[in-house]
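Coordinates in review
Residues per chain, in single letters:
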Amino acid sequence: MFSSLGLFRNVACPRQDDCSLQTCIFAHSWRISSPEADPLLNSAKEYDPFSAGDISSPPPKRRRVESPPEPPENPDVVQSETRSLKDSTPSSSGKQGLPPSRTVSRTTQENPTLGQTTRDVVQERAKSKPASAARSVSPPPTKARKESSLLVRKQPVKVESLTPRNVPNAPALLKTRLTVLQKLHEEMRTQNSKLASSDNRSKSLVLDEQELIRFALDEEETATRLGGDIYKNTMAQNILRTRKMTMEEWIKRVSEWTGASSTANAHTKPVDKNGDLLSIGLSSLSQQVAVLKHLRTPLEGLEQYGYVTTQPSSSEVASAKAGLAAARGFESCDRCGTRFQVFPGRDEMGRLTSQGRCRYHWARPNRAAPQKGDRIQGQSEATYPCCNKPQGSEGCSEADSHVFVVKDPKRLATILQFEHTPEKPDVRLRQPVSFDCEMGYTTHGMEVIRVTAVSWPDGRLLLDILVRPFGEILDLNTRFSGVTKEAFASALPYESELSDPVQKAHLDQCQLRKVDSPAAARQLLFDHISRETPLLGHAIENDLNVVRIIHPCVVDTVLLYPHPRGLPIRYRLKILSQKYLSRGIQTAGEAGHDSKEDAVATGDLVTKKVAEKWKLMRYEGWAFIDGILMAPEETKSVRHVL
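Below, the structure is looked at part by part. No experiment lies behind these values; they were computed from the predicted model shown. (Residues numbered from 1 in each chain as written. Predicted model: local features only at pLDDT ≥ 70, side-chain atom pairs only at ≥ 80, totals over all residues. Heavy atoms only, no water.)

So, on to the overall build of the protein chain. Along its length, the protein chain carries 23 helices and 15 strands. Expressed as a percentage of the 642 residues in the protein chain, the buried residues total 39%. In the protein chain, once contacts between residues fewer than 6 apart in sequence are set aside, the share between residues at least 24 apart is 66%. A total of about 37,400 Å² of accessible surface is found on the protein chain, and carbon and sulfur atoms cover 53% of it. (Helix = DSSP H or I, 4+ residues; strand = E, 2+ residues; numbered from the N terminus. Buried < 20%, exposed > 50% of the residue type's maximum accessible area, 1.4 Å probe, protein only. Contact = heavy atoms within 4.5 Å. Areas by Shrake-Rupley, 256 points an atom, 1.4 Å probe, with all protein chains shown as cover.)

Here we take up the nonpolar core. One finds Phe435, Cys437 and Val451 to be the most contacted residues of the largest nonpolar core, which totals 27 residues. Elements with a minimum of two residues in this core: strand E6 (433-442), strand E7 (445-455), strand E8 (461-467), helix H18 (518-526) and helix H19 (540-547). Those residues in contact with phenylalanine 435 that lie beyond four places of it in its chain are Thr452, Ala453, Leu525, Leu535, Leu536, Gly537, Ile540, Asp543, Leu544 and Ala599. Grouped together as the second largest cluster of nonpolar side chains are 23 residues, Ala601, Val610, Ala611 and Phe624 included. (Core = buried A, V, L, I, M, F, W, Y, C linked by side-chain atoms within 4.5 Å.)

Here we take up the packing of aromatic side chains. By the definition in use, this model includes seven aromatic pairs. Taking 4.6 Å as the distance between ring centres and 25° as the angle between the ring planes, the aromatic pair formed by phenylalanine 215 and tryptophan 257 counts as stacked. Here phenylalanine 215 is found in helix H6 (residues 209-224), whereas its partner tryptophan 257 is found in helix H8 (residues 247-258), with 42 residues between them in sequence. Exposure remark for phenylalanine 215: the relative accessible area of 0% places this residue in the buried category. Measuring from ring centre to ring centre gives 4.7 Å for tyrosine 561 and tyrosine 580, while their planes differ by 45°; the resulting arrangement is tilted. Of the two residues, tyrosine 561 sits in the loop between helix H20 (557-560) and helix H21 (573-580) while tyrosine 580 sits in helix H21, which places them 19 residues apart along the sequence. Taking the relative accessible area as the measure of exposure, tyrosine 580 reaches 31% and is therefore partly exposed. Linked through ring pairs, Phe215, Trp250 and Trp257 together constitute an aromatic cluster. (Phe/Tyr/Trp six-rings, centres within 6.5 Å; stacked < 30°, edge-to-face > 60°.)

This paragraph deals with a nonpolar patch on the surface. Side chains of Leu5, Leu7, Phe8, Val11 and Ile25 sit close together on the surface and give an oily, nonpolar patch of about 510 Å² of accessible area. By secondary structure assignment, the location of leucine 7 is in the segment before helix H1 (75-88). On the accessibility criterion, leucine 7 (66% relative accessible area) is exposed. (Patch = residues over 30% accessible without salt bridge, like charges linked within 9 Å, V, L, I, M, F, W, Y side chains within 5 Å. Salt bridge = Lys/Arg side-chain N within 4 Å of Asp/Glu carboxyl O.)

Moving on, we get to helix H12 (residues 314-327). When the terminal C-alpha atoms of H12 are compared, their 20 Å separation across 14 residues agrees well with the 20 Å that a helix rising 1.5 Å per residue should span. Each element contacted by the buried residues of H12 is listed here: helix H14 (409-415). Directly beyond the C-terminal end of H12, a positive phi value near 55° is found at arginine 328. (Expected span 1.5 Å × (residues − 1).)

Now for the pairing of E8. The buried fraction of E8 is high, at seven of seven residues. The sheet contact formed by E7 and E8 spans five bridges and is antiparallel. Bridge pairing in E8 places threonine 452 opposite aspartate 464. From the end of E7 to the start of E8, which pair antiparallel, there are five residues, and glycine 459 there has a positive phi angle of about 75°. Across three bridges, the pairing between E8 and strand E10 (residues 513-515) is parallel. Residue pairing across strands places valine 467 opposite valine 515, the latter belonging to E10. (Pairing = 2+ DSSP bridges.)

Now for H21. Among the residues of H21, those classed as buried are Leu573, Ile575, Leu576 and Ser577. Against the buried residues of H21 lie H20 and helix H22 (595-620). The positive-phi residue at the C-terminal boundary of H21 is serine 582, with phi of around 55°.

Burial analysis of E6 places 10 of its 10 residues in the buried class, the great majority of the element. Direction of pairing for E6 relative to E7: antiparallel, over a ladder of 10 bridges. Among the inter-strand pairings, glycine 440 is bridged to a residue of E7, identified as glutamate 447. A loop of two residues connects E6 with E7, the two strands running antiparallel in sequence. Examined bridge by bridge, E6 and strand E11 (residues 535-537) share two bridges and lie parallel to one another. Residue pairing for E11: valine 433 is matched across the bridge by leucine 535. Examined bridge by bridge, E6 and strand E9 (residues 473-475) share two bridges and lie antiparallel to one another. Along E9, the bridge assignment pairs tyrosine 441 with aspartate 475.

And the structure:
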C-alpha cells in the first residue's frame, strides 16, 4: 500500500466511532492519548461494575429536519400563485395544448411584479420541501421505528437441519452418519409424542421439532469423538436404548439434556460415590487420599503452559505497570482480533472501549478428517462449527464491545498479587477439594465471576459464590460462564452466617451470593484447603490464575487424561465426561456451563483414575499396614518382622 501523505489528518472521519480501519487517513478523537487513562492503570480499585451505567456510545447530534420559515403570505400572491399553478397543469380547461412555461410567462406579462413574486415563492418552496412531502402516506411513528431497529439488532435463533455436523475426525461416511442420525431422531420423536399425549406431570419437558433435531445432533456429535471403531456400535446401542425406554427413563434423559435435572435434584442428598473405591479395598478417606497423592501433578517445568509456581517479584510487577502505561490501553480483541483501546473508568465520551461493536465466531474452526484424495484435490477448508462458514468469513455473533485476555503472570499480579496456600496449624485430615471457576471479560482482561468448590469423592457442595471483579464488566461470557447479567446484578451480598452448619446444609437451596472481590473469594477457598490438601481441577492453571493461588498439591485431569499430541492440546471436559463417565455435561447451549456440574465431573474422573492406580499399586506390592501406605520393599520388611 502507498504511504499516507497526511492531507486529511485534520478532517474528522465521516464514520467516527463506526470506523473499523486500523490506519484511517482521517482524524479520530480516540487516537489522541487521553491523560485520564494512564493514572487509572497504576492501581486497581474495587467498586460496583454496574455503577457506571450501561455501555453505550454518546447520542449523535440531532439533524435539522424543519423547513426554513416561509415569508408571510399575501392573499393576492397566493391567489395568483394558485391560478398560475392551475393554468400550468394539463387538466386545466382551455389550456391543455400549452406547455407550462408559456402559461407562466403569460401571467408574468399581465403583472410583472406579481409574476416575479410568484416565481420566487415557488422556487423557495421547491427548495425547502422535498419531493417525498407530497406523498399521501404519513411516515410511521418514532416509537415504532425505535422498536424495529432493536429487533433488527437482535440475533436470530440458529435453526439447524437434520444433517450431521462438521467434526474434525469423521468416523464414517456422511451417508452412514446421516442414516443413523435419522433413525435416532425417529426414535426420539416417538418417545416425545408419547410424553406429549400422556397425562404425566412432567409434560413441560415435551420438546419441539427444532429441539429434537438439536438433541439428536448432540448425541451423534458426541459419538463421533469416541473413534471410528466404536462409533457404529455406540449409535446402534443408543437407538435401541431409546426405542426401549420407559416414560420415566425418557423424562430423565430429557431433563439431563436440557439441564432441568440440575435444579430438580438440587434438594436431594448427595449421591454416595465411594462405591468404586470401596469395592477395590479403599475403605476410608485416609486411604483414598493416600492413593490420590500419587496422582499429584508436578507443575515444575510447566510454566510455559500457564502454570504459575513462583510469585512475581516487585520489580517484575513494576515493569509490567510501566508497560501498561506506555501501551495507553491498546489491546487486541480476543474474539475478532481488532486493535482497540480500553478506557478503565470510562473516557470523556462515556465509553469503556473504542472501535464500536464486535462481530466474531464463538466456536473455533475445525477441519475435516484427511481423506485419500487430499493429495490430488487438496485439503478441505476449515469451517466454524457455530455457523458452518469457512475460516476468515465475517462473524456470526455480535457483542457490544471488544474484549481481551491477559495471561502474563506479571501483568496479572498488577491487579492482585499471587499468594501461596497458607499453612494450617490443625492436624485434622482435610478432604480433597474439586473446584471450578467461571470467567467474564472486564476492562482488566478476563476475571473470575463465579467460584465453586465440592468435596472429593462424595461431591458435597462446599462453596458456590459470585464474585465482583475489579474492572468494569464488558461481557459476562454467558454462553460459557452461565452467569447472566440479571442474576449477577440481583445477587445478594455474601454473609458470614452462611458458614453456619445448619445453613451450609441448605446451601443448594439458597440463591447465589456475591462477594466484593476476587481476594475475598480466594480467602473463602483458603478456609477449605491447606498446603497438603489435594486440589482437583480441569485445566486447573486457568482457575488458579484468576484467583491468584499457588498451590503445591494439584491434580489436573488434563494431565491425567493427556491428548496424544501433548500440551498445549488437551481434551475438553465434556468429551472426557462422555467417554469415561458416560455422562453428558454442558448441554445447556447458549445458557452456558454450570461450574458445580463441571467440578463434580472433574472429581468423578479423578475417582476413576484413583481406582485404576490402586489396582496397579496393589499388583506391584503396595499395601496399607496400620493405616499407612507402604511401598513393596517396606511391606516385605514389615512382614518379615511380624
